[in-house]
Amino acid sequence: MKFATKAIHAGVTPDPSTGAVMTPIYQTSTYAQAAPGDHKGYEYARTQNPTRHALEANLAALENGVDGICFGSGMAAMDAILKLLNAGDEVVATNDLYGGSYRIITKIYERFGLKGHFVPMYDAARVEQYLTKNTKLLWIETPTNPMLNIVDIEAICKMAREKGILTCVDNTFASPYLQNPLDLGADMVVHSATKYLGGHSDTVLGAVVVKEQELADRLHFIQNASGGVPGPMDCFLVLRGIKTLHLRVQRACESAEKIANYLKSHPKAHHVYYPGFTDHPGHAVAKKQMRHFGGMVSFDLENDTFENAKKILSKTEIFTLAESLGGVESLIGHPASMTHASIPKEERMKVGLTDSLIRLSIGVEDVEDLISDLERAFTFL
Ligand SMILES: *Cc1c(COP(=O)(O)O)cnc(C)c1O
């Protein structure tokens, strides 16, 4: 099956008890047993839930994995992955990664004896120098948030595999419609389904999809043992969102390309970060591993001050000033004070995350209206 067909049908069959075409929201915590141990495969809803199972099977199909494991948020999914490790193990992660991913490693897991290293991964050959005998997990984010740098998944996963190091790719920004890390050699792919998969900014959910059954079993064990599961209503919303994933992401990509070009020619915009530009350092790799360049564009201002960024951020009318991304509506955000506020300023500046950096998540509105909205906001500078 090809992508759009899988998005709509994988994991979803008419409900066996009623024939309901759409997977029902199984809002129950427990299931009746005919006799002790004699049940229909469902005992207790932390362990098994049919709505969640449908979503997990659907996500496994979209990412070409053997199984999906869903959690209450993207961070809960990452938390479960980190629980595969032991005290003394080291994680090597992309240096401009999602702020929450940096935070969970440094503020929580380092207290339990894990060590995190945050390194540039744009040159795959140079990642090797950061690996030690204790490195057990390579954490890749691409395109990165918010700088939209590109990491060569295939090259890094190949090197990690030779050394027996697990790899996980945070595929939130690309979505499975644009990029399938498991096909490029990754062991795990993680999603904040809150973003493109859900697609309507109405729920929070996370998922891991894996290539090998052994890893799936370990993650299902952690899912049940730690209990960070999503509720059935949230699973239903993400399943419904996925049915239009290909349409939404395609449209967002087309509009993002136009908006990136508009910004590039604007005299008050300074750097414009968009992997679709042929002079973007990761362009060739993006072209190789992604089907399109994504719906995110970041830029900073000629006159790089937070005050100037604020003028734009507070003057758009269609772009809503809010955290998050990947919904049908366009959002505008200020990483330095919002999503990345937990990263120290020196760390931010090293990767170009300046005080005036603005991040756009392009939705599926008419692109002409989005460009006029930015045009109007620029007049306040
Ligand atoms: C939002 C996000 C997360 C965290 O997901 P939640 O669902 O908010 O917990 C992780 N990685 C990336 C790239 C994100 O954008």
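All chains use their own residue numbering, which begins from 1 and follows the written sequence. In view of the model being predicted, local features appear only for residues whose pLDDT reaches at least 70, and side-chain atom pairs are presented and counted only at 80 or more, with totals across whole chains, interfaces and linings using the full set of residues. Side-chain metrics rest on all non-hydrogen atoms present in the structure, leaving aside hydrogens and water.

1. Concerning the sheet that holds strand 11 (residues 331-333)
Part 1 of the reasoning: Read across the open sheet, the 5 strands follow the order 8-9-12-11-10; overall the sheet is mixed. With partners counted over all chains shown, the strands left at the sheet margins are strand 8 (269-273) and strand 10 (320-321), one partner each.
Part 2 of the reasoning: Strands qualify as paired when DSSP identifies two bridges or more between them. By definition, any uninterrupted DSSP run of H or I lasting at least four residues is a helix, any uninterrupted run of E lasting at least two residues is a strand, and each is numbered from the N terminus. Bridging between strand 8 and strand 9 (residues 296-301) involves 3 bridges; their strand directions are antiparallel. The residue of strand 9 that forms the bridge with Tyr 273 is Ser 298.
Part 3 of the reasoning: Here helix 8 (residues 245-264) sits on the sheet and contacts strand 8, strand 9 and strand 12 (358-361); the angle it forms with strand 9, its principal contact strand, is near 15°. Two residues form a contact once any of their heavy atoms are found within 4.5 Å. Helix axes use the C-alpha atoms of the stretch in contact, all axes being lines fitted to C-alpha atoms, and the angles between their N-to-C directions lie in the range 0 to 180 degrees.

2. Observations regarding helix 2 (residues 50-62)
Part 1 of the reasoning: Given the number of residues in a helix, its expected span is that number minus one, multiplied by 1.5 Å. Over its 13 residues, helix 2 extends 18 Å from the first C-alpha to the last, a length consistent with the 18 Å expected when each residue adds 1.5 Å.
Part 2 of the reasoning: Burial in helix 2 covers these residues: Pro 50, Thr 51, Arg 52, Ala 54, Leu 55, Glu 56, Asn 58, Leu 59, Ala 60 and Leu 62.
Part 3 of the reasoning: Taken together, the buried residues of helix 2 touch helix 1 (3-9), strand 1 (67-71), strand 7 (206-210), helix 6 (213-226), helix 7 (232-242) and helix 8.
Part 4 of the reasoning: Identification of polar contacts relies on pairs of N or O atoms within 3.5 Å, with a donor-acceptor requirement for protein atoms, meaning one able to donate a hydrogen and the other able to accept it, and with residues adjacent in sequence counted only if both atoms are side-chain atoms. The residue sitting at the N-terminus of helix 2 and contributing the capping side-chain oxygen is Asn 49; that oxygen lies 2.9 Å from the backbone nitrogen of Thr 51.
Part 5 of the reasoning: Just beyond helix 2, the residue with positive phi is Asn 64, at close to 55°. Burial here depends on accessible area, computed with a 1.4 Å probe over protein chains only, as a share of the maximum for the residue type. Under 20% is buried, over 50% is exposed, and the range in between is partly exposed.

3. Topic: the domain arrangement of the protein chain
Part 1 of the reasoning: On domain assignment, one finds that the protein chain holds domain 1 (3-242) and domain 2 (246-378).
Part 2 of the reasoning: Domain limits in this description derive from either an automatic procedure or a database domain assignment. If you average the C-alpha positions of domain 1 and of domain 2, the two centres end up 26 Å apart.
Part 3 of the reasoning: Every contact between the two is made by 42 residues of domain 1 and, on the other side, 38 residues of domain 2.
Part 4 of the reasoning: Throughout, buried area stands for the accessible area (probe radius 1.4 Å) lost by two parts on being put together, summed over both. In total, about 3300 Å² of surface goes out of reach between domain 1 and domain 2, with carbon and sulfur atoms giving 60% of it.
Part 5 of the reasoning: It is Met 147, Leu 178 and Tyr 196 in domain 1 that bury the most area against domain 2; as a group they hold 23% of the surface buried on that side.
Part 6 of the reasoning: Any Lys or Arg side-chain nitrogen found within 4 Å of a carboxyl oxygen on Asp or Glu counts as a salt bridge. At the boundary of domain 1 with domain 2, the tally comes to 1 salt bridge.

4. Concerning the pattern of salt bridges
Part 1 of the reasoning: Counted according to the given criterion, the structure contains 15 salt bridges.
Part 2 of the reasoning: For Asp 373, the salt bridge is made with Arg 376, and the minimal N-O distance between the two is 2.7 Å. Pair noted here: Asp 373 and Arg 376 are both in helix 12 (residues 367-378), with a separation of 3 residues, about one helical turn.
Part 3 of the reasoning: For Arg 376, a relative accessible area of 33% translates into the label partly exposed.
Part 4 of the reasoning: When salt bridges that share partners are traced, they join Glu 317, Asp 373 and Arg 376 into one network.

5. What about the nonpolar core?
Part 1 of the reasoning: Working definition of a nonpolar core: buried Ala, Val, Leu, Ile, Met, Phe, Trp, Tyr and Cys residues. They are joined through side-chain atoms within 4.5 Å. Of all hydrophobic cores here, the largest spans 78 residues; its most connected members are Leu 138 and Leu 360.
Part 2 of the reasoning: Tallying contributions element by element places helix 8 first for this core, with 8 residues.
Part 3 of the reasoning: Shared between two domains, this core holds at least three residues of each, these being domain 1 (3-242) and domain 2 (246-378).
Part 4 of the reasoning: The residues contacting Leu 360, other than those within four sequence positions of it, are Ile 259, Leu 263, Gly 295, Met 296, Val 297, Phe 299, Phe 319, Leu 331, Ile 332 and Leu 374.
Part 5 of the reasoning: Ranked by size, the runner-up nonpolar core spans 29 residues in total, among them Phe 71, Val 91, Leu 97 and Ile 104.

6. A closer look at the site of the ligand
Part 1 of the reasoning: If a single non-hydrogen atom of a residue is within 4 Å of a molecule or strand, that residue counts as near it. As a structural note, the neighbourhood of the ligand is formed by 13 residues, with Gly 74, Asp 170, Ser 192, Thr 194 and Lys 195 the closest of them.
Part 2 of the reasoning: Between the ligand and the protein, one listed contact pairs an oxygen atom with a backbone N or O atom of Gly 74 at 2.8 Å.
Part 3 of the reasoning: Side-chain polar atom of Thr 194 to an oxygen atom of the ligand: 2.7 Å apart, as the coordinates give it.
Part 4 of the reasoning: Accessible areas in this description were obtained via Shrake-Rupley with a 1.4 Å probe; residue shielding takes into account the shown protein chains only. Considering the ligand on its own, with 380 Å² of exposed area, one finds that the protein chains cover 91% of that surface.
Part 5 of the reasoning: Note that Gly is not counted as nonpolar here; it falls among the polar residues with everything else outside the nonpolar set of Ala, Val, Leu, Ile, Met, Phe, Trp, Tyr, Cys and Pro and the charged set of Asp, Glu, Lys and Arg. Class assignment for the residues of the shell around the ligand results in 5 nonpolar, 5 polar and 3 charged.

7. A few points about the packing of helix 3 (residues 74-82) against helix 4 (residues 99-108)
Part 1 of the reasoning: As a packed pair, helix 3 and helix 4 sit with axes 11 Å apart at the nearest point and diverge in direction by 40°. Considering their axes alone, helix 3 and helix 4 lie oblique with respect to each other. Crossing of helix 3 against helix 4: the hand is right-handed. From helix 3, Met 75, Met 78, Asp 79 and Leu 82 reach across to helix 4, where they touch Gly 100, Ser 101, Ile 104 and Ile 105. Roughly parallel covers angles under 35 degrees, roughly antiparallel covers those over 145, roughly perpendicular covers 65 to 115, and oblique covers all other angles. Rotating anticlockwise by less than a right angle from the far helix to the near helix defines a left-handed crossing, while the corresponding clockwise rotation defines a right-handed one.

8. Side note on the sheet that holds strand 2 (residues 90-94)
Part 1 of the reasoning: Taken in spatial order, the 7 strands of this open sheet run 1-7-6-5-4-2-3, and their pairing is mixed. On the outer flanks of this sheet lie strand 1 and strand 3 (115-119), each paired with one strand and no other. Sheet twist, expressed as the average angle between the axes of neighbouring strands with direction ignored, equals 20°.
Part 2 of the reasoning: The pairing of strand 2 with strand 3 spans 5 bridges and is classified as parallel. Bridge pairing in strand 3 links Val 91 to Gly 116.
Part 3 of the reasoning: Lying on the sheet, helix 2 is in contact with strand 1 and strand 7; it crosses strand 1 at an angle near 130°.
Part 4 of the reasoning: Taken strand by strand, helix 5 (residues 153-162) contacts strand 4 (135-141) and strand 5 (166-170), and its axis lies near 175° from that of strand 4.

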